[in-house]
Amino acid sequence: MMSRAIVQVRDLHKSFTRGTEAIHVLRDLTLDVGEAEFLALMGPSGSGKTTLLNLIAGLDQPTAGTITVGENVISGMSESELARWRTRHVGFIFQFYYLLPVLTAYENVELPLLLLNLTKEQRRKQVENALGLVRLTDRMNHRPGQLSGGQQQRVGIARAMVTDPTLIVADEPTGDLDTRSADEILQLMEILRAQLGKTIIMVTHDPKAAARAQRILHLEKGQLVLDTAAAVS
Amino acid sequence: MYGMPPEMSGAGYDTSMLQLTGYLFAGLVVLILGAIALAVLTLPAFFVILYVSDKLVGVFATATGWFPLKVTVIMFRGLRRSMLRTSLTYLALFVLTLVLCLIYAVLYMIGNATSEKEANFKAIVTHKTTIPSQMPPGYYERFKRVCLEDLPPEMRPKNGDKDIMSWSFILGTTDKANPRKDNMVFLFALEPDKVLTMMDGLDELVGQEKELLEKACAAMKANPRAIVMSKSRLKSLNLRVGQTIKLHGMNYANLLFEFEIIGELPEGKYEGVSFMNKDYLIQQIDTFPTSPNNPKKGEQHPMADKCINLIWVRLPTKEAFETLSEKVNNRAEFGTVPIKLETASSGIGTWLGAFKDIFWGIKFILVPAMIGIMSLVVANALSISVRERRTEMAVLKVLGFAPRHVLLIVLGEALLVGFLGGGMSALMAWGLLGNVKFQIMFFGAFFVPMNALFYGPALGMAVSFAGCIGPAMAAKNVKVAEVFARVA
Ligand SMILES: Nc1ncnc2c1ncn2[C@@H]1O[C@H](COP(=O)(O)OP(=O)(O)O)[C@@H](O)[C@H]1O
Ligand SMILES: [Mg+2]
């Protein structure tokens, strides 16, 4: 039985207008994600996976419907409320890492902490813990350009979890990596879920990556079509 | 220059508009090229300062953990992203500020020269209509009398006769058959004992320069044939102090002067000019009717009634100036040669008036055009760097940074370059020229005013602000969802 739902999506609708034409990207989508669940989101390109992820993570506002994460109904928040909420409650992992090239690994991981009211001691400890978890303590003064893709993505993971958020969203985190590095990343995600109790929503194209998740959802033309792990094969 | 005979052109005193305009623009081109060279030379210093500040801010940021410092670190790092772009932005700002600093200094100086002092200011008497101004020598004596006797006592020049002086311009050549620029001498014939008190730029000499000139003037007074010459003229004539020189008058045809060079003018003052004793000129004119050089024996020299070019007088008050002006204008005594009295600054003003189109052009076309061009260069560099980082700015927003933080980072980076570029060039301008005082004609010493040190960085920052506010607003308003939705 699934534990209490930490993410509740109800009758979600999202449309964009391009010129005069409205594009309905998500239609009447309802979804629950449990606490400490690892969920994989699959589907063809353009099906709305990123759009859904962005909405759940509070990067955009829905056209209709509600999204609740933890105690917060984020679908009604203003942009600045969302920004503040994101810092504490969501961690992001991107396909292309998106580290700031001019900052060191340490400084990149420290970035989100700058927005919180912490002493510099607390901050240092949290950054070191995060980098320790992704086993990059010895590289913390390196710039992204001096790190491999896999290492950069590990810095990305450290940055995503350094504020100790409840929810971590990842948009094709292994899409740009070789099999070995991808495997490391997926292992880290499992550790985040199992040891730290993070809820993870991961978009992926790769069935093998999806298989690491506890549950796989398929999105097609803006709607969830299958909600079972059995659909992998 | 007003009052100077047209023959002066050979000695570099041509007043033709075209030539001066040419000089001005050539000067400007040289200035801009020089500024570019200087900017390139200071580029390493700029990067050193950038690097040191970056490190310092970094140390403080780590030590204090203070958010604004951490953000400043991000700004500094942003400048390292593209050395080429940062360099170009710096160069543009440096050149702009330096050139504007110098133009500003020149305009400031002209403003100083043309603004009248309230008390003890100088006035100039010239012929009302003829240019160059020429007056009979008797006028000088009569004018003096009016000043010293007719004026109410409180309006008379404070130092009496010492406050009144006449100038006569003389151009001569050492080679009558073949007068060339390098054998010509241009002299002011004047009263030697008034040189140190009545002449702009010489009344402020101190120390050894003053002593030497004092001695030279005393020697000129004792010996009418003695002259002092500017260093550069001595050099180009290949002469030394102590030598004698025979000069054939050019504007004073058939006069032959035998001078003894007994001193030099201080560096940078009345460049190219020599001073002679007025008595010698008068004596030569007086004896001319019987001179063997006179082609029309017994007749006066044609210049005898035209040998005073200007008269200077120092007056205690504006009222004195007005009263004297009225006397000079109305008195029947001056009827045969109409003359006019102007304050020195309005005299210069009149002369500058001829160039007011050029100054107007510099002020209202050239300067805005330069600011415009440089702003475009800076704006272009900045907008490229902002556009390039759209995704990064979006990432910062994803992490929870507010739009104003993003704006601050982008603007801060630009303002930082602006501050350093503008500041360094103002410092260079002031450092290089702030203490070099050189005289340009009758104007006071040229210098870069101290407040350029403030305006320089302010200007640099203003230009980079103008250049980057657009891209910065775009970065601030970047929509995160739009940046990421199409990526995967
Ligand atoms: N900001 C936007 N404006 C207009 N159309 C958008 C925007 N974001 C996404 N879309 C459209 O919505 C659809 C789904 O996009 P996306 O969620 O990125 O798909 P996926 O991640 O599944 O490949 C696409 O057709 C895309 O063009
Ligand atoms: Mg996508």
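My aim in this report is to walk through the structure given alongside it, one point at a time. (Residues numbered from 1 in each chain as written. Chains lettered and ligands numbered in written order. Predicted model: local features only at pLDDT ≥ 70, side-chain atom pairs only at ≥ 80, totals over all residues. Heavy atoms only, no water.)

Some remarks on empty space enclosed by the protein
In step 1: For the structure shown, the criterion picks out five cavities of 30 Å³ or more.
In step 2: For the second largest cavity, the calculated volume is near 120 Å³.
In step 3: Residues that form the lining of the second largest cavity fall into these classes: four nonpolar, five polar and four charged. (1 Å grid on protein atoms, 1.4 Å probe; cavity = no way out; pocket = protein on both sides within 12 Å on 5 of 7 lines; lining within 4 Å. Points joined across faces, edges and corners; volume = space filled by probe spheres on them. Nonpolar A, V, L, I, M, F, W, Y, C, P; charged D, E, K, R; others polar.)

A short note on the pattern of salt bridges
Residue and element names in this part refer to chain B.
In step 1: Taken as a whole and judged by the stated rule, the model has 27 salt bridges over all chains.
In step 2: The closest approach of N and O atoms between D163 and R314, which form a salt bridge, is 3.2 Å. Here D163 is found in the loop between α4 (137-150) and β2 (164-173), whereas its partner R314 is found in strand β8 (residues 310-315), with 151 residues between them in sequence. R314 matches D163 in its accessibility class, with the two residues each being buried.
In step 3: The partner of R389 in a salt bridge is E413, and the shortest N-O contact between them spans 3.0 Å. Of the two residues, R389 is situated in the loop between α11 (356-388) and α12 (390-398) and E413 in helix α13 (residues 403-433); the sequence distance between them amounts to 24 residues. Residue R389 shares its accessibility class with E413, and that shared class is buried. (Salt bridge = Lys/Arg side-chain N within 4 Å of Asp/Glu carboxyl O. Helix = DSSP H or I, 4+ residues; strand = E, 2+ residues; numbered from the N terminus. Buried < 20%, exposed > 50% of the residue type's maximum accessible area, 1.4 Å probe, protein only.)

Here we look at the packing of aromatic side chains
In step 1: The final tally for this structure, using the stated rule, is 19 aromatic pairs over all chains.
In step 2: Aromatic side chains A:F92 and A:F94 sit 6.1 Å apart centroid to centroid with 10 degrees between the ring planes, which places their arrangement in the stacked category. The exposure classification of A:F92 matches that of A:F94, with both residues buried.
In step 3: An angle of 75 degrees between the planes, with centres 5.6 Å apart, marks the rings of B:F259 and B:Y280 as edge-to-face. Of the two residues, B:F259 sits in strand β6 (residues 256-265) while B:Y280 sits in helix α8 (residues 278-286), which places them 21 residues apart along the sequence. The same class applies to B:F259 and to B:Y280, which are both buried.
In step 4: Members of the aromatic cluster, joined through ring pairs, are B:W167, B:F169, B:F186, B:F188, B:Y270, B:F275 and B:W312. (Phe/Tyr/Trp six-rings, centres within 6.5 Å; stacked < 30°, edge-to-face > 60°.)

Regarding the interface of chain A and chain B
In step 1: Chain A puts 31 residues into the contact, and the matching count from chain B is 30 residues.
In step 2: When the two sides are added together, the surface that chain A and chain B hide from each other amounts to roughly 2600 Å², 64% of it contributed by carbon and sulfur.
In step 3: Of all residues in chain A, A:Y98, A:V102 and A:L115 give up the largest surface area on contact with chain B, accounting jointly for 20% of the area buried on that side.
In step 4: On inspection of chain A and its partner chain B, the count reaches three salt bridges. (Contact = heavy atoms within 4.5 Å. Buried area = accessible area lost by both parts, 1.4 Å probe.)

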